[in-house]
Amino acid sequence: MKWKTIIVREKGGDVLFEGAFNELPVKEEYVLEKSVELYQEEEPCIIYRTHIVKKLYLDILEQFGGKPEKGRVVDCQPFQQILAPLAIDLSHATMEFR
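Per chain, residue numbering runs from 1 following the sequence as it is written. Per-residue local features are limited, in this predicted model, to residues with pLDDT of at least 70; the limit for side-chain atom pairs, both in listing and counting, is 80 or more; totals at the level of whole chains, interfaces and linings are taken over all residues. Calculation of side-chain values draws on the structure's entire complement of heavy atoms; hydrogens and water are dropped beforehand.

Visitor: I'd like to hear about helix H1 (residues 28-39), residue by residue, with values.
Guide: The end-to-end C-alpha separation of H1 is 16 Å, in line with the 16 Å expected for twelve residues at 1.5 Å each. Taken together, the buried positions of H1 are Tyr30, Val31 and Ser35. Seen along its axis, H1 keeps its buried residues to an arc of 135°; they face one direction. Two residues form a contact once any of their heavy atoms are found within 4.5 Å. The secondary structure listing takes helices from DSSP runs of H or I that are at least 4 residues long and strands from runs of E that are at least 2 residues long, numbered from the N terminus. Looking at the packing, one finds that the buried side of H1 touches helix H2 (46-63). In the stretch just after H1, Gln40 is the one whose phi turns positive, near 55°. To estimate how far a helix should reach, multiply one less than its number of residues by 1.5 Å. The buried label goes to any residue with under 20% of its type's maximum accessible area, the exposed label to any with over 50%, and the partly exposed label to all in between, with areas taken from a 1.4 Å probe on protein chains only. It is the directions from the helix axis to the C-beta atoms whose arc is reported.

Spelled out as structure tokens, the structure:
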């Protein structure tokens, strides 16, 4: 899967993140929690980390309604629960797919 480039902006227009969707920063706490839950491993290897993070990205896209089209802008407010593991505050942000 080729990941789309996104721009995450606060409602005021400030850019919070710009880059590939699969490079959105994920909280380390979330990765460690999922590693214990899924693999009973407190120090996840790169394979476990990659799986955990990729699954999160795919779950987010699923909540957004599948693979987004170029130019689509998503208001992040209704998706706070699924976006909570990300390491940036998206409570008042939009995500634009390029």
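Visitor: Now, about the pairing of strand S2 (residues 15-20): what can you tell me, with residues and values included?
Guide: Pairing between strands requires that DSSP locate at least two bridges from one strand to the other. Here strand S1 (residues 5-10) runs beside S2; their pairing, made up of five bridges, is antiparallel. Looking across to S2, one finds that Thr5 is bridged to Ala20. Where S1 folds back on S2, the antiparallel hairpin that results is connected by four residues, among which Gly13 adopts a positive phi of roughly 105°.

Visitor: Account for the pattern of salt bridges, naming residues and giving values.
Guide: The working definition used for a salt bridge is a side-chain nitrogen of Lys or Arg within 4 Å of a carboxyl oxygen of Asp or Glu. One pass over the full model with this rule turns up six salt bridges. Residues Asp75 and Lys11 are paired through a salt bridge, measuring 3.1 Å at the closest nitrogen-oxygen approach. Residue Asp75 is found in strand S3 (residues 73-75), and its partner Lys11 is found in the loop between S1 and S2; the two are separated by 64 residues along the sequence. Between Glu37 and Lys34 there is a salt bridge whose closest N-O contact spans 3.3 Å. One end of the pair is Glu37 and the other is Lys34, both in helix H1 and three residues apart, which spans about a single turn. The network of salt bridges with common partners includes Arg9, Glu96 and Arg98.

Visitor: So, the environment of Ala93: which residues are in play, and what are the values?
Guide: You can see Ala93 is positioned in strand S4 (residues 93-97). When the C-alpha positions of Ala93 and Lys34 are compared, they lie 26 Å apart, and in sequence the two are 59 residues distant.

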